[in-house]
Amino acid sequence: MNIITRDSLLYRVWQKVQQGERLSLEDGLVLFNTNDLIALGKMAHYVQQQKSGDAVYFVLNQKIEHTNICVLSCKFCDFAAKKGTDKAYEMTTGEILSKITPEIREVHITGGMPPDWEWERYIDIVKSVHQKFPDADVKAYTAVEIDFFHKKFKLPIEEILRQLQAAGLRTMPGGGAEIFTERVRKLLFPQKIVAKGYLEVHKTAHRLGIPTNCTMLYGHIETIEERLIHMIKLREAQDETGGFLSFIPLAFQPGDTGIKPKNQFTSAVDDLKTIAVSRLMLDNVPHIKAYWVMLTEEVASVALNFGADDIDGTVGQERIAHDAGAISPMELAKEKLIKIIQEAGKIPVERDAFYNPLNVYSENVIGKIPYLNSVPFYHHFEKGSFKILPVVPRHMGILSVQKQLDAGLFSLMDYFEQEESLELIDWCIATRDQVKSVMLFSKDGWADLHGKKIGITDDTATSVKLLKVILENKYNVRANFERLHRGVNDYSAYQAILLIGDEALKRNKFGLDGYELIFDLALEWYNWKKLPFVFAVWAARKTLPDNLKNELKQDIKKSLEASQGHFTEIGKIHDSRIGLSPEEIESYLEGFNYHLGEREKEAIREFRSLVHHTHANR
Amino acid sequence: MHLKDIRDKIQQGRRITPEDALVLLQKSELLDLGELANEVRYRKNPKQDITFVIDTNPNYTNICNVDCVFCAFYRHAGESGEYTYTVDQMIQNFKRAAANGVTTVLLQGGVNPAIPFEYYIEMIERTKKEVPEIHPHFYSTTEIIGMSEVSGLSIPDVLKKLWDAGLRTIPGGGAEVLSDRVRKKMGHKKGTSEDWLNVMREAHKIGFKTTATMMYGHLENDEEIIEHLDRIRSLQDEYHGFTAFIPWSFKPGNTPLEKIIPHFASPIRYLQMIALARIYLDNFDHIQASWFSEGKKIGQVALHFGADDFGGTLFEENVHAEANFVNKTTVEEVIQLIHDSGFTPVQRTTLYERIKQYKTSSKI
């Protein structure tokens, strides 16, 4: 891809983006100051497509604001009321539960900070929602509220989060970040926690396995530089923990706040620039959200081509933004969200709180494994009739069973399970001997793992079977497997950890603390069977029309041919993300055989019979 | 033809075919289309300027016998809510507008056979004489056809009399989508595409300048959008009489079409229309985006998709209002909206002459 721009400074930043280089504050200023909105948008869209393909996520969610009584007085807030005033309200747990319907997948709970609620009441809300609606993930309490609990109930932040987690809290919203500079904080919300406090709450949550969102409130008194400082602070925190799921730039709604004239909303150009710049600056945050309630549906829909890959959800009730005069309607039906996403040329993907795909509303969808070893298939892929959905191997399997995907690179186990409905197409991901990205990090040798607990990455479908086959058939060892959750994990409970993909590749180089032994599963297999190992195969649904199958075959062939011999180019784009040098990436990719030949087919047969005839199939 | 070849063509300044346009519309990523449109826009108009006009859109009658299914404005004679204003009343209206800084009056009405031809002539003559600050931008093609029927004069003769009375520009409304399949479905009495083009052709021959419009988002398909663009591009090749092209989306409220087409076309579609028009209409100087028809925010975005004009202030507007679509602004707001989009606002006349430049853009 290339961009045409009259802005030579912008072009220089574009060259960095293409190389996967991290952008500086100065680069960010160039981005914000450009007049070439389209070129900026294209740069952000390029990164968006690398991260999310054509997917745009939405969730069936319900927002609960349990009370508007608040001890703080933030200048930009039209929502808060003082206890005893006409506007003040408090919801009972029963009232909260009555707002939730069974189809809801995420309940978003935030509110004011009343002077007289007991700690148990907050716990009870989470527990009751979680128990009554187990399919709905509870996303509750901003960092500002957590800090309030910490001070009011004299409990350490970690203890507060542990108790909420035990009650059923799954993720946390990102509200309350506003703008991380002291100048703005002192002027607009002097009683709120400082940047450090906000980040500390989030990082603590991440370490406990509670992923969170992060936000920025823009369009009031902040400078462009302050916006960028804000983004960079979030980026640094993300480097430490990796627990932010999405970043949400929130357009300030002036209303009666008195900060700006009542009807002076942010300009659409500023909204789109802010979305695009955040996509480019926050290179380590997986998702950027265009929050339609504040942006308006129209701008949110355009933003899906400017770096945003999430449009939030049905929301249910949106009292905070509405009180300050947001011009969107209170509810958007699911159908409407789907329509908005489709009109933007994207695939609507209904998600859960962790961005696992639940439903895909599009035809001709190809699954893309988001690992480095699959990049040669997609790097030069010209989409033509197809749309691309990035999914980890296990979800590719699930979506394919549900007939929500038409083709893709399937994990071998998923192919076995769906052989009846799938047709192989010529290519695969097979090792020659070692693989470097399906690794068991262990405290013990193979024989000593008997009866021990092994943590298994949640993303795998085939590697976990390969591990079982090796343990049981090669070493005659039985271990207990336990799935890890996505995001940050506490590994201390496990004797060994199975990681795959880029995470494994990174840990293979840098090691995983406390696990001295590192086993390459493909090498174990090769030394044992003298065969390659096939991790994944390209397959299309048998019902896909022949012309599309042929188009797909041509597309894959062309992309692969264009990539082969140029693996350093791929290396240069992905090196900083994975932490390997371009040369290491080149040698890693050269270790694969992408053509499904006779030896690979033999390896598939051998593995199939082992899976069928051992305990590994249980 | 492959997208890449079409891109090359556009970048080399060569004309694209209807087939190319279809590929662009259907296969191009939104921002790739915008990028190409911008290239064409800055080639024609290298300044970071966006023009606008201070105007108003009053109506002299809402009685109409054309019965278009997309229209919520018209009434039949004798129906409640119908009106026809006298020339005196309209002149008063124009005077009030002039006092508010208006330079252009875009005047249109229903096709009301009870109004004699002299009324239209008198309206122009008295405007020129009594409200000289105002540039009359009067009467759509449909009304001009109506005048021809009322007066028994040919279209060229009607146009000559309007010219002699002092009219110099004609609004481009009523084109809808210039495809006979679509027009038959929408209002059989409105005439064929050729009727609209014919009035415009005759007007351009005499020396009138006009705009060209397109109202999309109802019964048309992609091919018909391109047919529309192609027909006006061909006519423009003949006399270069069009000043600007103005697309807007159909507003279904209170119209007979509402049941079939309940929603506005998407903002993405609008941006595509603006960009495609800029690329396809290589012989047009100006493409107009509007704060009015698609909302202020999308209007701002459209300025980055190849448009170089932000339309008028539209102090009075009754047609969309009858479809429950109301959007108001002030001169100050229009200036601010353009400025906040990263452009320099420039006030213009109906004929796109510059009147006044406002503060230079300081980015966002």
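As the structure is a prediction and not an experimental result, all values here were calculated from the model. (Residues numbered from 1 in each chain as written. Chains lettered and ligands numbered in written order. Predicted model: local features only at pLDDT ≥ 70, side-chain atom pairs only at ≥ 80, totals over all residues. Heavy atoms only, no water.)

**Points about the overall build of chain A**
(1) Moving on: The helix and strand tally for chain A stands at 25 helices and 22 strands.
(2) Moving on: What you see for chain A is a C-alpha radius of gyration of 25 Å, in line with the 25 Å of a compact globule of 618 residues.
(3) Moving on: Considered along the principal axes of its C-alpha atoms, chain A spans approximately 75 × 60 × 40 Å.
(4) Moving on: Going through the 618 residues of chain A one by one, you find that 62% of them count as buried.
(5) Moving on: For chain A, the proportion of contacts with a sequence separation of at least 24, taken over those separated by at least 6, is 78%.
(6) Moving on: When the accessible surface of chain A is split by element, carbon and sulfur atoms take 49% of a total near 22800 Å².
(7) Moving on: The positive charge centre, built from 77 side chains, and the negative charge centre, built from 85, are 1 Å apart in chain A. (Helix = DSSP H or I, 4+ residues; strand = E, 2+ residues; numbered from the N terminus. Rg over C-alpha atoms; globule rule 2.2 N^0.38 Å. Buried < 20%, exposed > 50% of the residue type's maximum accessible area, 1.4 Å probe, protein only. Contact = heavy atoms within 4.5 Å. Areas by Shrake-Rupley, 256 points an atom, 1.4 Å probe, with all protein chains shown as cover. Lys, Arg positive; Asp, Glu negative; His and termini not counted. Charge placed at Lys NZ, Arg CZ, Asp CG, Glu CD.)

**Comments concerning the interface of chain B and chain A**
(1) Moving on: Contact with chain B, which involves 30 residues of that partner, is made by 37 residues of chain A.
(2) Moving on: For the pair chain B and chain A, the two sides together bury roughly 2700 Å², of which 63% comes from carbon and sulfur.
(3) Moving on: Our count for the chain B to chain A interface comes out at three salt bridges.
(4) Moving on: K42 of chain A is paired through a salt bridge with E35 of chain B; the nearest N and O atoms lie 2.6 Å apart. (Buried area = accessible area lost by both parts, 1.4 Å probe. Salt bridge = Lys/Arg side-chain N within 4 Å of Asp/Glu carboxyl O.)

**Some thoughts on the sheet that holds strand β8 (residues 287-288) of chain A**
All names here are of chain A.
(1) Moving on: On the basis of which strands lie adjacent, the open sheet formed by three strands has the order β6-β7-β8 and parallel pairing. Where the open sheet ends on each side, the last strands, each with one partner, are β6 (212-218) and β8.
(2) Moving on: Together, β6, β7 (244-251) and β8 form the strand contacts of helix α11 (residues 268-281), whose direction differs from that of β7 by roughly 160°. (Pairing = 2+ DSSP bridges. Axes fitted to C-alpha atoms, helices over the stretch in contact; angles between N-to-C directions.)

**So, the domain arrangement of chain A**
(1) Moving on: Each assigned domain of chain A is listed here: domain 1 (8-359), domain 2 (363-432 + 533-610) and domain 3 (438-529).
(2) Moving on: Computed from C-alpha coordinates alone, the two centres of domain 1 of chain A and domain 3 of chain A are separated by 36 Å. (Domains from an automatic or database assignment.)

**Regarding the environment of I248 of chain A**
Residue and element names in this part refer to chain A.
(1) Moving on: With respect to the secondary-structure elements, I248 resides in strand β7.
(2) Moving on: What makes I248 buried here is its relative accessible area of 8%.
(3) Moving on: Leave out the neighbours within four places in its chain, and I248 touches N213, C214, T215, M216, K289 and Y291.

**Structural notes on the pattern of salt bridges**
Residue and element names in this part refer to chain A.
(1) Moving on: For the structure shown, the criterion picks out 61 salt bridges over all chains.
(2) Moving on: Residue K83 pairs with E90 through a salt bridge whose shortest N-O separation is 3.1 Å.
(3) Moving on: Among the salt bridges present, the one from E472 reaches R478, with a minimum N-O distance of 3.7 Å.
(4) Moving on: The class of E472 is buried, set by a relative accessible area of 16%.

**Concerning the sheet that holds strand β13 (residues 387-390) of chain A**
Residue and element names in this part refer to chain A.
(1) Moving on: The strand order across the open sheet formed by six strands is β13-β12-β14-β21-β15-β22, and the pairing between neighbours is mixed. In this open sheet, the two strands that pair with only one neighbour each are β13 and β22 (592-595). Across the sheet, the mean angle from the axis of one strand to that of its neighbour is 30°, orientation sign disregarded.
(2) Moving on: In terms of strand pairing, strand β12 (residues 365-368) meets β13 through four bridges, oriented parallel. Residue pairing across strands places G367 opposite L389, the latter belonging to β13.
(3) Moving on: In the packing of helix α22 (residues 546-563) onto the sheet, the strands contacted are β12, β14 (407-411), β15 (422-431), β21 (534-541) and β22, and the crossing angle to β15 comes to about 15°.

**Things to note about the pairing of strand β10 (residues 344-348) of chain B**
All names here are of chain B.
(1) Moving on: Taken across its five residues, β10 has five buried, putting it largely inside the fold.
(2) Moving on: Taking every second residue as pointing to the same face, both faces of β10 are buried, with T344, V346 and R348 on one and P345 and Q347 on the other.
(3) Moving on: Relative to β10, strand β1 (residues 49-53) runs parallel, the two being bridged by four bridges. Residue pairing in the sheet places T51 in a bridge with V346 of β10.
(4) Moving on: The pairing of β10 with strand β11 (residues 354-357) spans three bridges and is classified as antiparallel. The partner of Q347 across the bridge, within β11, is K356.
(5) Moving on: The antiparallel hairpin formed by β10 and β11 contains five residues in its connecting segment, where Y352 sits at a positive phi of about 65°.

**A few points about the packing of helix α9 (residues 195-207) of chain A against helix α10 (residues 224-241) of chain A**
Residues and elements named next belong to chain A.
(1) Moving on: Axis separation between α9 and α10 bottoms out at 10 Å; the angle between their running directions is 25°. Here α10 runs roughly parallel to α9, going by the angle between their axes. You can see that α9 and α10 cross each other, and the crossing is right-handed. Within the contact between the two elements, α9 uses Y198, L199, K203, H206 and R207 and α10 uses K233, L234, A237, E240 and T241.
(2) Moving on: Split into classes, the residues belonging to the contact of α9 with α10 amount to four nonpolar, two polar and four charged. (Parallel < 35°, antiparallel > 145°, perpendicular 65-115°, else oblique. Left-handed = near helix turned anticlockwise from the far one by under 90°. Nonpolar A, V, L, I, M, F, W, Y, C, P; charged D, E, K, R; others polar.)

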